[in-house]
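Now for the letters of each chain:
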Amino acid sequence: MKEHEGHAEHEKHEMTSVDHHGHDTPAGEHGAEHSKEKGHAHDHHRHMMEDFKRRFYVSLLLTIPILLLSPLIQSLLGITVAFPGDDLVLFALSSIVYFYGGYPFFKGFIEENRQRRPGMMTLIAVAISAAYIYSSAVVFGLKGKYFFWELATLIDIMLLGHYIEMKSVLGASRALEELVKIMPSTAHLMKGGEVEDVPVESLNPGDRVLVKPGEKIPVDGVVVKGQSYVDESMLTGESKPVLKKEGDEVIGGSINMEGSLIVEVRKTGKETYLSQIIELVRQAQESKSRTQDLANRAAFYLTIIALSAGAVTFLAWITLGKDLAFAVERAVTVMVISCPHALGLAVPLVVAVSTSLAAKNGLLIRDRQAFERTKDVQAVVFDKTGTLTEGKFGVTDVVAVNGDTDEVLRIAASIETLSEHPIARSIVEEAERRGLELEKVDDFRAVPGKGVEARIGGVLYRIVSPGHLREMGLEEIDEARRLAEQGKTVVFLVRENEMLGAIALADIVKQESKEAIANLKRMGIRCMMLTGDNRLVAKWVSEELGLDEFFAEVLPHEKAEIIKKVQERYVTAMVGDGINDAPALAQADVGIAIGAGTDVAIETADIILVRSDPRDVVRIIELSRKTYRKMIQNLLWATGYNGVAIPLAAGVAYGFGILLTPAIGAALMSLSTVIVAINARLLK
């Protein structure tokens, strides 16, 4: 289409030159293989979750008869359940729960100790093993009391806790699978005047393909025939549609908007621009460190306390002349009490509540460890297009020589209704938004390289570029010159040879962005912007929002590098919505995707904001801080009573006739578990 070449000419000097050569990092095939691995990891995670659920139900069912056969529980309930061999039945049922229900914890115990990082699994394995071995010895003759009911309830609660936790954070990243889906699977190959649909993988450099309006361009190549506007925003972050004509490069995955193009294939497979992005995402995801979570750190210290206190208790009573049975019972009581039931629920319950609370408010948490890191964020780096801005070209300013801006917009929109150019559509949309009544126009025509013109009521009106305005011998308005310096596209309305006004267009800044930036800065968090757009536009948006820093004309492969540099100074969150943001989202300490963006950005991110509202970044940071406080409170409740319970269980007050019995220990544990559950529910 020749229409609006005047607009196109004006755009040329504004467009940032994008050279996609030289990024020859291998990707393609092993990027696809990695996406398969990610899929397997996702299935494995779900399988583990279902395994915990199954083991919980079986163990819970067996716990009922274990409780009824336990002498301590019978005395608490005031009932008697006795029959010949009842202790052997109790032993058999408890053995099933110990080996079947406890299996994941034994497996975890081996893994944690192989990595020399004892945590929750080690603590649970030690506690249930101590209870089982000691109780089994009592069944077969050792003097003492059973701990089978402790063993069973501890396993039940820990299985439930792990199930709740896994369910709330399920959602392993499928970013690479989503990236692969971006490319069309077939292409219209031109062969001797005929057009044949072939798989994209079968294309070779030198082949020519037809790309129809509305279709994705199948591979990286060069336009050899035709002219059209191409939407590259999802790939490069440039919000403005780019005019492509003969000799211009096009990127696979970008969208052809209006005219048909014949493209000669230049790159295929792992050499393509998109494949290089796949490789960058893969590298960033693999290098992300996995930190130990809060509950595991608490469990690590409790494991040391449990083993040390148990050993010291045993040795102390033997030294003091008590018999072996008494010393063992005290040591086991200490170790079992050291592993509070509430610890298994302290963090998972808060996670479940905060995940649910977040989801109701349009904040989807995909990675709990990243969500935990969000509380420490010191800098937030925003993508521009579609995140801080609307992601669409729109009218930002209307200037009128006589002061009547609505009249300038009304006449311009009346003429532009007959054009399909992106600038024309934006002007018409703004007039409709303001409720302006449009005029009937005659003799509409596009003037190649200059703009458009038409008659209204017999009077000739023109909408022209700055270049053509100068050719007509007319001066630009000072205000219009200032707007152009901000990187905005400016067109002028002329009646006959008289200047009426100017209209400036750019990617529109969201109102919510201003509030979000102000609130983040109030929280002491630095706000930055990262964009593929040109420096003038970036500077205007940055000043409009009061950002601390901005990075402009940045290509996707450079975005991850800039995030790395910011990470050297601050704990960094990245907020974005496009394919071009995927490597940066994967690289950042916390990746936050705007939900209306691409599946790729969403799958690479740790947190998703469903509403496309930047103010939700503030909400997610606040929620993370409150959640962390709740976790700390719960861990204090879950473990705090140990300060009293362990010494009493060890027998420090034995000389005063005070000895913590398993029954009192059980009551304290139950109270601690109830407090933890209630406290988790209080999260707002």
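Only a predicted model underlies this, so the values are computations on that prediction, with no experimental measurement involved.

1. Quick notes on the sheet that holds strand β21 (residues 590–594)
Part 1 of the argument: With mixed pairing, seven strands are arranged side by side in an open sheet as β10-β22-β21-β20-β11-β18-β19. The sheet is open, and its two borders are formed by β10 (363–365) and β19 (549–551), each paired with just one other strand. Adjacent strand axes in the sheet meet at a mean angle of 20° when their direction is disregarded.
Part 2 of the argument: Both strand β11 (residues 379–383) and strand β18 (residues 526–530) contribute to a ladder of five bridges, which runs parallel. Bridge pairing in β18 links Val 380 to Cys 527.
Part 3 of the argument: Those strands touched by helix α20 (residues 535–545) are β18 and β19, and its axis lies near 155° from that of β19.
Part 4 of the argument: Most of the contacts of helix α24 (residues 615–640) go to β10, to which it runs at about 50°, and overall it touches β10, β11, β20 (572–576), β21 and β22 (607–609).

2. Focus: the pattern of salt bridges
Part 1 of the argument: Scanning the entire structure with this criterion turns up 34 salt bridges.
Part 2 of the argument: Here Glu 515 ties to Arg 615 by a salt bridge, and the two come within 3.2 Å at their closest N and O atoms. On the criterion of sequence distance, the pair formed by Glu 515 in helix α19 (residues 511–522) and Arg 615 in helix α24 is long-range, its members being 100 residues apart.
Part 3 of the argument: Owing to a relative accessible area of 40%, Glu 515 belongs among the partly exposed residues under this scheme.
Part 4 of the argument: Classification of Arg 615 as partly exposed rests on a relative accessible area of 24%.
Part 5 of the argument: The residue Arg 615 makes a salt bridge to Asp 613 at a minimum N-O spacing of 2.9 Å.
Part 6 of the argument: Among the charged side chains, a salt-bridge network with shared partners connects Asp 406, Glu 430, Arg 433 and Arg 434.

3. Some points on unusual backbone geometry
Part 1 of the argument: Notably, Glu 496 is not glycine yet its phi reads approximately 55°, a positive angle.
Part 2 of the argument: Structurally, Glu 496 can be placed in the loop between β16 (489–495) and β17 (498–509).

4. Points about the sheet that holds strand β12 (residues 389–400)
Part 1 of the argument: Pairing is antiparallel in the open sheet, where six strands are placed in the order β12-β17-β16-β15-β14-β13. The open sheet has two free edges, formed respectively by β12 and β13 (442–447), since each of these has just one partner strand. Taking the axes of each pair of neighbouring strands and ignoring which way they run, one obtains an average angle of 20° across the sheet.
Part 2 of the argument: Two strands pair when backbone bridges link them, and β16 and β17 are joined in this way by seven bridges, in the antiparallel orientation. Looking at β17, one finds that Thr 489 is bridged to Leu 505.

5. Focus: the side chain of Asp 220
Part 1 of the argument: With respect to the element layout, Asp 220 can be found in strand β4 (residues 220–226).
Part 2 of the argument: Despite its burial, Asp 220 remains without a salt bridge, the nearest opposite charge being carried by Lys 267 at 4.9 Å.
Part 3 of the argument: Looking at Asp 220, its side chain comes within polar contact range of the main-chain nitrogen of Gly 252, at 2.8 Å.

6. A short note on helix α25 (residues 642–650)
Given 3.6 residues per helical turn, the α-helix brings residues three or four places apart onto the same face.
Part 1 of the argument: Every buried residue of α25 is accounted for by Asn 642, Ala 645, Ile 646, Ala 649 and Ala 650. Buried residues in α25, looked at end-on, bunch into an arc of 125°, giving them a common side. In α25, the exposed positions that point more than 90 degrees away from the buried face belong to Gly 643 and Val 644.
Part 2 of the argument: One or two positions beyond α25, positive phi appears at Gly 651, with a value near 100°.

7. Concerning the pairing of β4
Part 1 of the argument: In this sheet, strand β9 (residues 261–267) lies alongside β4 in antiparallel orientation, the contact comprising six bridges. Residue pairing in the sheet places Asp 220 in a bridge with Lys 267 of β9.

8. Concerning the pairing of β11
Regular strands place side chains that alternate from one sheet face to the opposite one.
Part 1 of the argument: Counted residue by residue, β11 has five buried out of five residues, so it is predominantly covered.
Part 2 of the argument: Neither face of β11 is exposed, since Ala 379, Val 381 and Asp 383 on one face and Val 380 and Phe 382 on the opposite face are all buried.
Part 3 of the argument: As paired strands, β11 and β20 are joined by four bridges and run parallel to one another. Note on β20: the bridge partner recorded for Phe 382 is Val 575.

9. As for the nonpolar core
Part 1 of the argument: Grouped together as the largest cluster of nonpolar side chains are 58 residues, with contacts concentrated most on Phe 52, Ile 66, Phe 105, Ile 128, Phe 148, Leu 151 and Leu 343.
Part 2 of the argument: No other element matches helix α5 (residues 120–139), which puts 12 residues into this core.
Part 3 of the argument: Sequence-distant contacts of Leu 151, that is, excluding residues within four places in its chain, are made with Ser 94, Tyr 98, Ile 128, Ala 131 and Tyr 132.
Part 4 of the argument: Formed by 34 residues, the second largest nonpolar core is a distinct cluster that contains Phe 371, Leu 388, Val 537 and Leu 609.

10. Some words on the environment of Thr 80
Part 1 of the argument: The residue Thr 80 is located in the loop between α3 (71–77) and α4 (86–114) in this model.
Part 2 of the argument: Separated by 10 residues in sequence, Thr 80 and Ser 70 have C-alpha atoms that sit 9.6 Å apart.

11. Notes on the UniProt feature "transmembrane region" (unreviewed entry) in the chain
Part 1 of the argument: Taken from the UniProt record, the annotation "transmembrane region" (unreviewed entry) applies to residues 56–82, 88–106, 118–140, 146–164, 298–320, 332–359, 635–657 and 663–683.
Part 2 of the argument: In residues 635–657, the share of helix is 65% and the share of strand is 0%. The end C-alpha atoms are 31 Å apart.

12. A few points about a nonpolar patch on the surface
Part 1 of the argument: A cluster of nonpolar residues, Leu 61, Ile 64, Leu 68, Leu 76, Leu 77 and Ile 79, forms a patch on the protein surface that exposes about 590 Å² of accessible area.
Part 2 of the argument: At the level of secondary structure, the elements contributing two or more residues to the nonpolar patch comprise α2 (28–69) and α3.
Part 3 of the argument: The biggest single contributor to the nonpolar patch is α2, with three residues.

13. Remarks on the packing of helix α15 (residues 405–416) against helix α16 (residues 422–433)
Relative orientation and spacing of two packed helices are given, respectively, by the angle between their axes and the distance between those axes.
Part 1 of the argument: Two elements in contact, α15 and α16, have axes whose closest approach is 8 Å; the angle formed by their N-to-C orientations is 130°. Our classification of the angle between α15 and α16 gives oblique. Like other packed secondary-structure pairs, α15 and α16 cross with a definite hand, here left-handed. Facing α15, whose interface residues are Leu 409, Ala 412, Ala 413 and Glu 416, α16 presents Ala 424, Ile 427, Val 428, Glu 430 and Ala 431.

14. Some thoughts on the environment of Leu 555
Part 1 of the argument: By the secondary structure assignment, Leu 555 is in the loop between β19 and α21 (556–567).
Part 2 of the argument: For the pair Leu 555 and Gly 532, spaced 23 residues apart in sequence, the C-alpha to C-alpha distance is 5.8 Å.

15. A few points about α15
Part 1 of the argument: With 12 residues, α15 ought to run about 16 Å at 1.5 Å a step, and its terminal C-alpha atoms sit 16 Å apart, in line with that.
Part 2 of the argument: With respect to burial, α15 is a largely interior element, nine of its 12 residues being buried.

16. Some remarks on the packing of aromatic side chains
For any pair of aromatic rings, the description rests on two quantities: the centre-to-centre distance and the angle between the ring planes.
Part 1 of the argument: Overall, the coordinates contain 16 aromatic pairs when judged by the stated rule.
Part 2 of the argument: With a centroid separation of 5.0 Å and an interplanar angle of 65°, the aromatic rings of Tyr 98 and Phe 106 are classed as edge-to-face.
Part 3 of the argument: Overall, the relative accessible area of 8% leaves Tyr 98 in the buried class.
Part 4 of the argument: Three or more aromatic residues joined by ring pairs make a cluster, and in this case those are Phe 91, Tyr 98, Phe 99, Phe 106, Tyr 132, Phe 140, Tyr 146 and Phe 148.

What counts as what
- Residues numbered from 1 in each chain as written.
- Predicted model: local features only at pLDDT ≥ 70, side-chain atom pairs only at ≥ 80, totals over all residues.
- Heavy atoms only, no water.
- Pairing = 2+ DSSP bridges.
- Helix = DSSP H or I, 4+ residues; strand = E, 2+ residues; numbered from the N terminus.
- Axes fitted to C-alpha atoms, helices over the stretch in contact; angles between N-to-C directions.
- Contact = heavy atoms within 4.5 Å.
- Salt bridge = Lys/Arg side-chain N within 4 Å of Asp/Glu carboxyl O.
- Buried < 20%, exposed > 50% of the residue type's maximum accessible area, 1.4 Å probe, protein only.
- Lys, Arg positive; Asp, Glu negative; His and termini not counted.
- Polar contact = N/O pair within 3.5 Å; in protein donor to acceptor, adjacent residues only side chain to side chain.
- Arc of directions from axis to C-beta.
- Core = buried A, V, L, I, M, F, W, Y, C linked by side-chain atoms within 4.5 Å.
- UniProt positions renumbered as here; feature names shortened; annotations may be inferred.
- Patch = residues over 30% accessible without salt bridge, like charges linked within 9 Å, V, L, I, M, F, W, Y side chains within 5 Å.
- Areas by Shrake-Rupley, 256 points an atom, 1.4 Å probe, with all protein chains shown as cover.
- Parallel < 35°, antiparallel > 145°, perpendicular 65-115°, else oblique.
- Left-handed = near helix turned anticlockwise from the far one by under 90°.
- Expected span 1.5 Å × (residues − 1).
- Phe/Tyr/Trp six-rings, centres within 6.5 Å; stacked < 30°, edge-to-face > 60°.

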